Amino acid sequence: MIQFQQVEKRFTPTLSALAAINLEIHKGELVLLCGPSGAGKSTLLKLIYREEEPSAGAVIVAGQNLKTLNSQGVARLRRRIGLVFQEFKLQANLTALENIALAAEVAGVTKRAAHERGSQLLDELGMAARRDAKPAALSGGEQQRIAVARALVNRPNLILADEPTGNLDAAAAADTLRLFKAIRQQDSTIIIASHDVNLFQDIATRVVQLDQGRIVADSAAGVGTAEWRL
Ligand SMILES: Nc1ncnc2c1ncn2[C@@H]1O[C@H](COP(=O)(O)OP(=O)(O)O)[C@@H](O)[C@H]1O
Ligand SMILES: [Mg+2]
């Protein structure tokens, strides 16, 4: 599903945000990408949805080297990926339902079908009663539910979440965790970047740890810190 081959990303000549990244993520995995702030977690995710391009090496998603994509290809790639961010990124002037439906409409679904799909997701996520509420009237946890619903509306087979609980209190974070657990039952690949290892550890099928731009541990590949030090 996703391959990183000797990927390096430099934002400045002297500092590698990512270095020597070799990583293969398969369909159905729920990967927890952890590591301290500045480790390169967000950069790694951005390379997958081509918000950033590698300075060296190749990123391959669903068999396609992302370097070969033109702007149309990038748009197509992003429609197939569900993105969830720490800061929710909901449109303040739209209702919960409209926020979800808009993502489907942008992907070419008719307004009517988009609203139907949005309503169904709100039902499934226990948010039906809040469908006409604007984001400002929703709690952080509710806003994140809407953001997750929006990420799911185009039925992506890849979901990327960058610090999805970063702005939530413990109760809402646990709620979001349950949500990822629930959507995991569908046949999707999920990558969650979080510095909160403990929170996601139990639902992750694999934990990949970054530090200073390098993979220092990978529970699937049996890569440990000691080995990396060689
Ligand atoms: N757009 C950018 N310009 C310059 N440096 C950046 C940029 N984005 C990230 N970095 C640097 O790359 C490193 C990794 O950042 P990031 O991927 O955001 O880490 P994390 O998400 O693990 O906190 C950090 O040193 C950060 O300062
Ligand atoms: Mg980050």
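Parameters and conventions
Residues numbered from 1 in each chain as written. Chains lettered and ligands numbered in written order. Predicted model: local features only at pLDDT ≥ 70, side-chain atom pairs only at ≥ 80, totals over all residues. Heavy atoms only, no water. 1 Å grid on protein atoms, 1.4 Å probe; cavity = no way out; pocket = protein on both sides within 12 Å on 5 of 7 lines; lining within 4 Å. Points joined across faces, edges and corners; volume = space filled by probe spheres on them. Nonpolar A, V, L, I, M, F, W, Y, C, P; charged D, E, K, R; others polar. Pairing = 2+ DSSP bridges. Helix = DSSP H or I, 4+ residues; strand = E, 2+ residues; numbered from the N terminus. Axes fitted to C-alpha atoms, helices over the stretch in contact; angles between N-to-C directions. Parallel < 35°, antiparallel > 145°, perpendicular 65-115°, else oblique. Left-handed = near helix turned anticlockwise from the far one by under 90°. Contact = heavy atoms within 4.5 Å.

1. So, empty space enclosed by the protein
Inference 1: If you walk through the whole model with that rule in mind, you get one cavity of 30 Å³ or more.
Inference 2: Estimates place the volume of the largest cavity at around 50 Å³.
Inference 3: Every residue lining the largest cavity is listed: Arg-50, Glu-53, Pro-54, Gly-57, Ala-58, Val-59, Asn-65, Leu-66 and Lys-67.
Inference 4: Here the lining of the largest cavity is composed, by residue class, of four nonpolar, two polar and three charged.

2. Side note on the sheet that holds strand 10 (residues 214-218)
Inference 1: Taken together, the six strands give an open sheet; going across it, the order is 6-7-8-3-9-10, and neighbouring strands pair in mixed fashion. Among the strands making up the open sheet, the edge pair consists of strand 6 (81-85) and strand 10. Each neighbouring strand pair of the sheet contributes to a mean axis angle of 20°, computed without reference to strand direction.
Inference 2: Here four bridges tie strand 3 (residues 30-34) to strand 9 (residues 206-211), and the two strands are oriented parallel to one another.

3. Things to note about the packing of helix 3 (residues 96-106) against helix 4 (residues 111-124)
Inference 1: Between helix 3 and helix 4, the least distance of the axes is 8 Å, while the angle of their chain directions is 130°. When the axes of helix 3 and helix 4 are compared, the pair comes out oblique. In the crossing of helix 3 with helix 4, the sense of the turn from one axis to the other is right-handed. For the pair formed by helix 3 and helix 4, the contact residues are Leu-97, Glu-98, Ile-100, Ala-101, Ala-104 and Glu-105 on the first element and Lys-111, Ala-114, His-115, Gly-118, Ser-119, Leu-121 and Leu-122 on the second.

4. Comments concerning the layout of surface pockets
Inference 1: Looking at the largest pocket, its volume works out to about 530 Å³.
Inference 2: Taken together, 20 residues make up the lining of the largest pocket; nearest its centre are Arg-78, Ile-81, Leu-83, Ala-103 and Arg-150.
Inference 3: Those elements giving two or more residues to the lining of the largest pocket turn out to be helix 2 (71-79), strand 6, helix 3 and helix 5 (140-152).
Inference 4: By residue class, the composition of the lining of the largest pocket is ten nonpolar, four polar and six charged.

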